[in-house]
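The chain contents come next:
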Amino acid sequence: MKERIRIAPSILAADFTRLGEQLQACEAAGADWIHVDVMDGRFVPNITMGPMVTAAAHRATSIPLDVHLMIVEPDHMLEAFAKAGAKRINVHWETCPHLDRTIRAIKALGCDVGVAINPHTPAALLSEVLPLLDAVLVMTVNPGFGGQELITGTLNKIRQLRAMISATGQAIDLEVDGGVNLETAATVVEAGADVLVVGSALFTERYSVATGMQQLRSVLANKKPV
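Cut-off values and rules
Residues numbered from 1 in each chain as written. Predicted model: local features only at pLDDT ≥ 70, side-chain atom pairs only at ≥ 80, totals over all residues. Heavy atoms only, no water. Helix = DSSP H or I, 4+ residues; strand = E, 2+ residues; numbered from the N terminus. Rg over C-alpha atoms; globule rule 2.2 N^0.38 Å. Contact = heavy atoms within 4.5 Å. Lys, Arg positive; Asp, Glu negative; His and termini not counted. Charge placed at Lys NZ, Arg CZ, Asp CG, Glu CD. Pairing = 2+ DSSP bridges. Axes fitted to C-alpha atoms, helices over the stretch in contact; angles between N-to-C directions. Core = buried A, V, L, I, M, F, W, Y, C linked by side-chain atoms within 4.5 Å. Buried < 20%, exposed > 50% of the residue type's maximum accessible area, 1.4 Å probe, protein only. Right-handed = clockwise from strand over helix to strand, strands pointing away. Polar contact = N/O pair within 3.5 Å; in protein donor to acceptor, adjacent residues only side chain to side chain. Phe/Tyr/Trp six-rings, centres within 6.5 Å; stacked < 30°, edge-to-face > 60°. Lys NZ or Arg CZ within 6 Å of the ring centre and 35° of its normal. Salt bridge = Lys/Arg side-chain N within 4 Å of Asp/Glu carboxyl O.

## Thoughts on the overall build of the protein chain
Regarding its fold elements, the protein chain presents seven helices and eight strands. The C-alpha radius of gyration computed for the protein chain amounts to 16 Å, which stays within 12% of the reference 17 Å derived for 226 residues, consistent with globular compactness. Contacts in the protein chain between residues far apart in sequence, at least 24 positions, make up 66% of those at least 6 positions apart. Separation of charge centres in the protein chain, based on 19 positive and 24 negative side chains, amounts to 4 Å.

## A few points about unusual backbone geometry
For E73, which is not a glycine, the phi torsion comes out positive at approximately 50°. Looking at the element boundaries, E73 is found in the loop between β3 (65-70) and α3 (78-84).

## Focus: the sheet that holds β3
Taken in spatial order, the eight strands make up an open sheet running β1-β8-β7-β6-β5-β4-β3-β2, and their pairing is parallel. Two strands lie at the open edges of the sheet, namely β1 (6-9) and β2 (34-39), each paired on one side alone. Ignoring strand direction, the axes of neighbouring strands in this sheet form an average angle of 25°. The sheet contact formed by strand β6 (residues 135-139) and strand β7 (residues 173-177) spans five bridges and is parallel. From the neighbouring strand, V138 faces β7, where its bridge partner is V176. On the sheet, helix α4 (residues 99-108) packs against β4 (86-92) and β5 (112-117) and is oriented at approximately 145° with respect to β5.

## Overview of the nonpolar core
Formed by 62 residues in total, the largest nonpolar core has its most connected members in L69, I89, V91, V136, I158 and L196. When near neighbours in sequence (up to four residues on either side) are disregarded, V91 contacts L69, P74, L78, C96, L99, T102, I106, G114, V115 and A116.

## Describing the pairing of β5
Counting buried residues in β5 gives five out of six residues, a clear majority hidden from the surface. Considered for its hand, the β-α-β crossover made up of β4, α4 and β5 is right-handed. Pairing geometry for β5 and β6, over four bridges, is parallel. The residue of β6 that forms the bridge with V115 is V136.

## A short note on the environment of E3
Take E3: it is sitting in the segment before β1. For E3, a relative accessible area of 67% gives the class exposed. A C-alpha to C-alpha distance of 30 Å links E3 and D100, two positions 97 residues apart in sequence. Sequence-distant contacts of E3, that is, excluding residues within four places in its chain, are made with K224 and P225.

## Examining the side chain of D194
Within the fold, D194 resides in the loop between α6 (185-191) and β8 (195-198). One polar contact links D194 to R162, side chain to side chain, over a distance of 3.1 Å. Polar contacts involving the side chain of D194 include one to the main-chain amide nitrogen of L174, which spans 2.9 Å.

## Focus: the side chain of T95
With respect to the helices, strands and loops of the structure, T95 is situated in the loop between β4 and α4. When neighbours within four sequence positions are excluded, T95 is seen to be in contact with F43, I71, V72, E73 and P74.

## Topic: the pairing of β2
Of all six residues that make up β2, six are buried, and the element is covered over most of its length. Here β2 shows two buried faces, one formed by I34, V36 and V38 and the other by H35, D37 and M39. Sheet topology note: the β2/β3 ladder contains six bridges and is parallel. The residue of β3 that forms the bridge with V36 is V67. For the handedness criterion, the β-α-β arrangement of β2, helix α2 (residues 51-60) and β3 is classed as right-handed.

## Considering the packing of aromatic side chains
Going through the model one piece at a time under the given rule, you end up with zero aromatic pairs. Sitting over the face of the ring of W33, R88 holds its NZ or CZ atom 4.2 Å from the ring centroid.

## So, the pattern of salt bridges
If the charged atoms of two oppositely charged side chains come close together, the side chains can form a pair. Tallied over the full model, the rule gives 13 salt bridges. Across the salt bridge formed by D32 and R4, the nearest N and O atoms sit 2.8 Å from each other. Taken together, the residues span a long stretch of sequence, with D32 in the loop between α1 (19-28) and β2 and R4 in the segment before β1 at a distance of 28 residues. Since its relative accessible area comes to 17%, D32 is described here as buried. A salt bridge links R88 to D173; its shortest N-O distance comes to 2.9 Å. Here the residue R88 occupies a position in strand β4, and D173 occupies one in strand β7, the gap between them amounting to 85 residues. Because the salt bridges share partners, they merge into one network encompassing R6, D66, R88, R162, D173, E175 and D194.

In structure tokens form, the structure reads like this:
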């Protein structure tokens, strides 16, 4: 039974000149996952990090790494990210023509597996593979950049997926990524999310990571996973 909403700081928003320090701050503040946004400039209009940064993050913290592959042809990179220390590898439904094969390949590497869907992608498209998954990752912004506002139309998709997951009877995480902050965190949890990817609301010059985590936990104090 999941006892609390889990928070996954996204290092996309971190200060890379102090990445190790900020990862340690996340660990001290009680983060549950570290979210690693991998972008290739093809599937999304940005280029970020790869296996080398993932491996460095793995060395810097004992928090499990939640690797989000926003890349085309992810099958070619699965082994590299598994070797770099990924605990969970999330691939996009939109980039995997043989999704069942990709899911099984991730599991064969010893990693948990999640499937991400973009804001326009219907929840129902995951029905066939849902029982195979450890997580579903709902993009609540169009992927590619941090600091965007949450698309409120995705809340209904979160509700749909919560009902679909409940029907399986399995402990599948329902993760949301995009625009999660002090104003929206409770809303996505009420819709059914139980893992929140948080970037610029944690990594900011306005306050420390510890303060950001404390504020989020306060907002979520009375919220329990569905």
